[in-house]
Amino acid sequence: MKRNLFSLAIAAALLASAPALSLAQDAAAGAAQTQGSPSKLVLDNTQRLLSALEERRQEFTADRGALNAFVKNEFETMFDRDYAARQVLGRHGRGADEGEVKLFADALADGLLRRYGDSLLDFNTRLRVRIRSETPLPRGLGVKVSSEMLRQGGEPIPVDFLMRQSGGQWKVFDVQVEGVSFVSTFRRQFDAELQRKSIRQVATELRQGQLQAEADVDQ
């Protein structure tokens, strides 16, 4: 079976948990959910996002442009696109100027949202999530919020959010679904292209649809 990693990852980020739907948290997770913490940010945002998706589902189904604008806005709010792009570029991004990284970040994000944004309508907004822990990342890079997505009639899906502070706000820069990293998936995918072409060339080909970011993984 193939699972669309990106659509699941972005759904997890946007629909991680609403307070009314959350299960009881263990003591460690409860302690992490203080005012302004990454865990609480995820929980609070989800209440608003779940409501918006349900209230506007008919509109979004009829008008995919409105859905794309909604998803893009939420993605930009919650994701640190430029930092994530640098992680995807890996060694190819060392010494690259900010303009090139931004070109790549914009092209990657726009391509993924065009390709996978519609899949948010397929997700059941009655998802529940159990926040398991919030732990610091090595070298002070940020925190990892570990959770499980709970589905009716299905096994829990482990989802980890890697977050850092950017501009005074906590933002997601990587999502790991069942141990599979969003960043690592695309780093492997673009490595060969970036060995032969400049960052600007790859960004241009992404923008024009000559290259596509594939977020599918075998399960």
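Enquirer: Got a minute to help me understand the environment of Met-78 in this structure?
Expert: On the secondary structure map, Met-78 appears in helix H5 (residues 64-78). Given the relative accessible area of 6%, Met-78 is considered buried. Between the alpha carbons of Met-78 and Val-172 there is a distance of 6.0 Å; along the sequence they are 94 residues apart.

Enquirer: Honestly, the pattern of salt bridges in this entry has me stumped. Any pointers?
Expert: Where charged atoms from two side chains of opposite charge approach closely, those side chains can pair. Applying the stated criterion across every chain, the model contains ten salt bridges. With a closest N to O distance of 2.9 Å, Arg-56 and Glu-59 form a salt bridge. Ionic pairing is found between Glu-98 and Arg-86, a salt bridge with its closest N-O pair at 3.0 Å. Placement of Glu-98 in helix H7 (residues 98-116) and of Arg-86 in helix H6 (residues 81-89) is noted, with a sequence separation of twelve residues between them. The exposure class of Arg-86 is partly exposed, given its relative accessible area of 24%.

Conventions adopted
Residue positions within a chain follow its written sequence, with the count starting from 1. A pLDDT threshold of at least 70 governs which residues receive local features in this predicted model, and a stricter bar of 80 or more applies before side-chain atom pairs are shown or counted, although totals over entire chains, interfaces and linings include all residues. Excluded from the side-chain calculations are hydrogens and water; all other atoms, namely the structure's heavy atoms, are used. Helix and strand labels come from DSSP, where a helix needs a run of H or I of at least four residues and a strand needs a run of E of at least two; each type is numbered from the N terminus. Burial classes follow relative accessibility: with a 1.4 Å probe on protein chains only, a residue under 20% of its type's maximum area counts as buried, one over 50% as exposed, and anything between as partly exposed. By definition here, a salt bridge exists when the distance from a side-chain nitrogen of Lys or Arg to a carboxyl oxygen of Asp or Glu is within 4 Å.

That's the geometry; what it means functionally is another story.
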